[in-house]
Amino acid sequence: MVKVLVAEDDPDIQVILKMVLTRLGKCDVSITFQGDQVFPMAKANHPELILLDVMLPEMSGFEICKLLKADPETQSVPIIFLTARSMPAEIQEAMTLGALGYLAKPFDPMALVGQINQILSPLGISIGA
Amino acid sequence: MDNPQLSFEQILNATVRMLRTTWNAKVCLFLQKDDQGELCVRAADGLSSKKTSSVKLDPAQGDIGECFSKNKIVETSAFTAFGALSPLIKRHAKKGYKFVLVPVSGETRVLGILFFGPFPNKEKILPREAELRSAGALCAVLSAHWRLYQWMSNFVPQLNHELRTPLTAVQGSIGMVLGGMFGQVGGDVKEMLEMAQKGCERTVRAIEDYINTQNPR
């Protein structure tokens, strides 16, 4: 069971992600809505994948990504942005900061696991198996 | 414009330079009221922009207040009354010379001031009021355009985000129901949900089309 940390501040989308990742992705999901909780949770729980929103309270997804990539303990954890901020410049910034991929909202929940696996494929990791 | 990539800052600075040379002045500044209600230097020629960037002036004080509040062109030799600007114009502030303050007026209010000079006291500036006000109006138009551009730059990504977030919940819920996560749906229920899903997809396409056609420059 792949351990996934999700940072998402919208409670409705939290429910959808938890359901999809648990039922279809067979993942062990922990969720936070607070940006400044992501880094300490990543250090404590050692997730194998992080799904990050950009607009989060207290700390943006971009800032979190920088922190995670700067720490030797968390730098190898794949980060996928899952966000409504989908302007080309925002996508470019995420990729420059070291994100593995970028998924735009709204997403098709039934296709999400496949899309995540496609992004994870170079690393030989997959969810939903 | 030869170079479409010129920023509004460059365009404003070029305009101020053009005004300075046209009026044969040594200094020309465009002071604009900022969100805190103070006048700050938006464009400068004849003074280093490094030095002028920190200048903040009270739009209600002295000659500046006279120009800004009363929408009036003011000639002044009170060189020491310009707060943080006074030390910067000191070398140009000679006896027998004056500076001219021109209101930069929008349709309904004064947005800022054009600060020109020095001119010899004997030079008659006020009879050329129409020319001066046109120079002010030019800066007002550029300033309004710049503000609109800045507003659009923030508005478009914000709109994108604000529309996509609730759509994610709507489309996600419908997608899970249609995908059979809670059991099979059929008949009229399925048809209605598919209709709602198509509506969501159409909205997303409309947002994407809108963003792709936005180019505020």
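Scroll up to find the structure this text is about.
Summarised in this report is the structure supplied together with it. (Residues numbered from 1 in each chain as written. Chains lettered and ligands numbered in written order. Predicted model: local features only at pLDDT ≥ 70, side-chain atom pairs only at ≥ 80, totals over all residues.)

## Notes on unusual backbone geometry
Move 1: Residue A:Pro106 is reached from A:Lys105 by a cis peptide bond, and omega for that bond is -5 degrees.
Move 2: Tracing the backbone through its elements, the reader meets A:Pro106 in the loop between strand 5 (101-104) and helix 5 (109-120).
Move 3: The omega torsion across B:Gly117 and B:Pro118 is -10 degrees, close enough to zero to call that bond cis.
Move 4: Along the chain, the position of B:Pro118 falls in strand 6 (residues 110-120).
Move 5: Even without a glycine there, the phi angle at A:His46 is positive, about 50 degrees.
Move 6: Relative to the helices and strands, A:His46 is located in the loop between helix 2 (35-45) and strand 3 (49-52).
Move 7: The exposed category is assigned to A:His46, around which 12 C-beta atoms lie within 10 Å. (Helix = DSSP H or I, 4+ residues; strand = E, 2+ residues; numbered from the N terminus. Buried ≥ 20, exposed ≤ 12 C-beta atoms within 10 Å, placed from the backbone.)

## Some points on the packing of helix 1 (residues 8-22) of chain B against helix 5 (residues 129-178) of chain B
All names here are of chain B.
Move 1: Viewed as axis vectors pointing N to C, helix 1 and helix 5 meet at an angle of 175 degrees, and their least axial separation amounts to 10 Å. Overall, the two elements helix 1 and helix 5 adopt an arrangement that is roughly antiparallel. Packed against helix 1, whose contacting residues are Phe-8, Ile-11, Leu-12, Thr-15 and Leu-19, the element helix 5 presents Ala-135, Leu-138, Cys-139, Leu-142, His-145, Trp-146 and Tyr-149 at the interface.
Move 2: Across the contact of helix 1 with helix 5, the residue classes tally to 10 nonpolar, 2 polar and no charged. (Axes fitted to C-alpha atoms, helices over the stretch in contact; angles between N-to-C directions. Parallel < 35°, antiparallel > 145°, perpendicular 65-115°, else oblique. Contact = placed C-beta atoms within 7 Å. Nonpolar A, V, L, I, M, F, W, Y, C, P; charged D, E, K, R; others polar.)

## Structural notes on helix 5 of chain A
Move 1: Taking 1.5 Å per residue as the helical rise, helix 5 of chain A with its 12 residues ought to reach 16 Å, and the 17 Å between its terminal C-alpha atoms agrees with that figure.
Move 2: Along helix 5 of chain A, the residues that are buried comprise A:Pro109, A:Leu112, A:Val113 and A:Ile116. Mapping the buried residues of helix 5 of chain A onto a view down its axis gives an arc of 95 degrees, with all of them on the same face.
Move 3: On its buried face, helix 5 of chain A is in contact with helix 1 (11-24) and strand 4 (79-83) of chain A together with helix 5 of chain B. (Expected span 1.5 Å × (residues − 1). Arc of directions from axis to C-beta.)

## Let's talk about the pairing of strand 1 (residues 3-7) of chain A
All names here are of chain A.
Move 1: Judged by how many residues are buried, strand 1 sits mostly within the fold: 4 of 5 residues are covered.
Move 2: Here strand 1 runs beside strand 2 (residues 28-32); their pairing, made up of 5 bridges, is parallel. Each bridged residue has a counterpart across the sheet, and for Ala-7 the counterpart in strand 2 is Thr-32.
Move 3: As for the winding sense of the linkage, the β-α-β connection from strand 1 through helix 1 to strand 2 is right-handed. (Pairing = 2+ DSSP bridges. Right-handed = clockwise from strand over helix to strand, strands pointing away.)

## Side note on the sheet that holds strand 1 (residues 27-33) of chain B
All names here are of chain B.
Move 1: Across the sheet, 6 strands lie side by side as 3-2-1-6-5-4; this open sheet has antiparallel pairing. Each end of this open sheet is capped by a strand with a single partner; those strands are strand 3 (56-57) and strand 4 (74-76).
Move 2: As paired elements, strand 1 and strand 6 share 6 bridges and run antiparallel to each other. Along strand 6, the bridge assignment pairs Gln-32 with Gly-112.

## Things to note about helix 1 of chain A
Counting along an α-helix, one turn takes 3.6 residues, and residues three or four places apart therefore face a common direction.
Move 1: Taking 1.5 Å per residue as the helical rise, helix 1 of chain A with its 14 residues ought to reach 20 Å, and the 20 Å between its terminal C-alpha atoms agrees with that figure.
Move 2: Looking at the buried residues of helix 1 of chain A, the elements they touch are strand 1, strand 2 and helix 5 of chain A together with helix 5 of chain B.
Move 3: Once helix 1 of chain A ends, the next one or two residues include A:Lys26, with phi positive near 50 degrees.

## What to know about the environment of B:Val102
Residues and elements named next belong to chain B.
Move 1: Summarising the element assignment, Val-102 is placed in strand 5 (residues 97-105).
Move 2: Under the C-beta neighbour-count criterion, Val-102 is labelled buried, with 27 such atoms within 10 Å.
Move 3: Spatially, the C-alpha atom of Val-102 lies 9.5 Å from that of Phe-30, the residues being 72 residues apart in sequence.

## Focus on the packing of helix 1 of chain A against helix 5 of chain A
All names here are of chain A.
Move 1: Between helix 1 and helix 5, whose axes approach to 10 Å, the crossing angle comes to 65 degrees. In this structure, the crossing between helix 1 and helix 5 has a hand that is right-handed. Residue-level inspection shows Ile-16, Val-20 and Leu-24 of helix 1 in contact with helix 5, the latter providing Pro-109, Leu-112 and Val-113.
Move 2: Grouping the constituent residues of the contact of helix 1 with helix 5 by class yields 6 nonpolar, no polar and no charged. (Left-handed = near helix turned anticlockwise from the far one by under 90°.)

## Re the sheet that holds strand 2 of chain A
Residue and element names in this part refer to chain A.
Move 1: Read across the sheet, 5 strands follow the order 2-1-3-4-5 without closing on themselves; strand pairing throughout is parallel. For this open sheet the edge positions go to strand 2 and strand 5, each flanked by a neighbour on one side alone. Averaged over all neighbouring strand pairs, the angle between strand axes comes to 20 degrees, with direction disregarded.
Move 2: Each of strand 1 and strand 2 is contacted by helix 1, which is oriented at about 165 degrees to strand 2, the strand it contacts most.

## Here we look at the interface of chain B and chain A
Move 1: The partner chain A presents 17 residues to the 18 residues of chain B that form the contact.
Move 2: Taken together, the elements giving at least two residues each to the side of chain B that touches chain A come down to helix 5 and helix 6 (187-213) of chain B.
Move 3: It is helix 5 of chain B that provides the largest number of residues to the side of chain B that touches chain A, a total of 13 residues.
Move 4: Looking at side-chain class alone, the side of chain B that touches chain A contains 8 nonpolar, 9 polar and 1 charged residues.

## Describing the pairing of strand 6 of chain B
Residue and element names in this part refer to chain B.
Move 1: Most of strand 6 is tucked away: 8 of the 11 residues are buried.
Move 2: Of the strand pairs in this sheet, strand 5 and strand 6 are connected by 8 bridges, and their pairing is antiparallel. The residue bridging Pro-103 from the neighbouring strand is Ile-113, located in strand 6.

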